[in-house]
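Geometric and topological summary
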Amino acid sequence: KNHRCFDSDVNFRWKVGYGNQVGRYAYVKDGDGRQFVLFGNFGKGTQTISVTLPSGGDWYQYDNPDAVWSGSSHSTSMSEGQFYILVSDKSMCL
């Protein structure tokens, strides 16, 4: 289902980095205030990836709504090619 994330009033940011930076993210906020963040390890091997979510509170893994990320700053060890999609509203989860 489309949670307005592709409507014209969406705020979209994409951090692609440069050089040896391995963490990348995309951030989307729809007109209703719901948000999602996609971030991952696009480098070689396991890396510690840091992400600052656009707001505090609880964030839910899109594919596992029982996995809750609280607060806004996180660092996590990620395998090569691993990524997460976090959503601000649990109703956006699969």
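Before reading further, recall that the structure is shown in the block above.
Just so it is clear, the model here is predicted, and its values are computed rather than measured. (Residues numbered from 1 in each chain as written. Predicted model: local features only at pLDDT ≥ 70, side-chain atom pairs only at ≥ 80, totals over all residues. Heavy atoms only, no water.)

Details of the packing of aromatic side chains
One pass over the full model with this rule turns up three aromatic pairs. With 5.7 Å between their ring centres and 80° between their planes, Phe39 and Trp69 make a pair best called edge-to-face. Placement of Phe39 in strand β3 (residues 35–41) and of Trp69 in strand β6 (residues 64–70) is noted, with a sequence separation of 30 residues between them. Accessibility classification places Phe39 together with Trp69 in one group, the buried group. Centroid distance Phe39 to Tyr84: 5.7 Å. Interplanar angle 35°. Geometry classified as tilted. Taken together, the residues Phe39 in strand β3 and Tyr84 in strand β8 (residues 83–87) connect sequence positions 45 residues apart. Each member of the pair Phe39 and Tyr84 is classed as buried. In textbook terms, an aromatic cluster arises when at least three aromatic residues are bridged by ring pairs, as seen for Phe39, Trp69 and Tyr84. (Phe/Tyr/Trp six-rings, centres within 6.5 Å; stacked < 30°, edge-to-face > 60°. Helix = DSSP H or I, 4+ residues; strand = E, 2+ residues; numbered from the N terminus. Buried < 20%, exposed > 50% of the residue type's maximum accessible area, 1.4 Å probe, protein only.)

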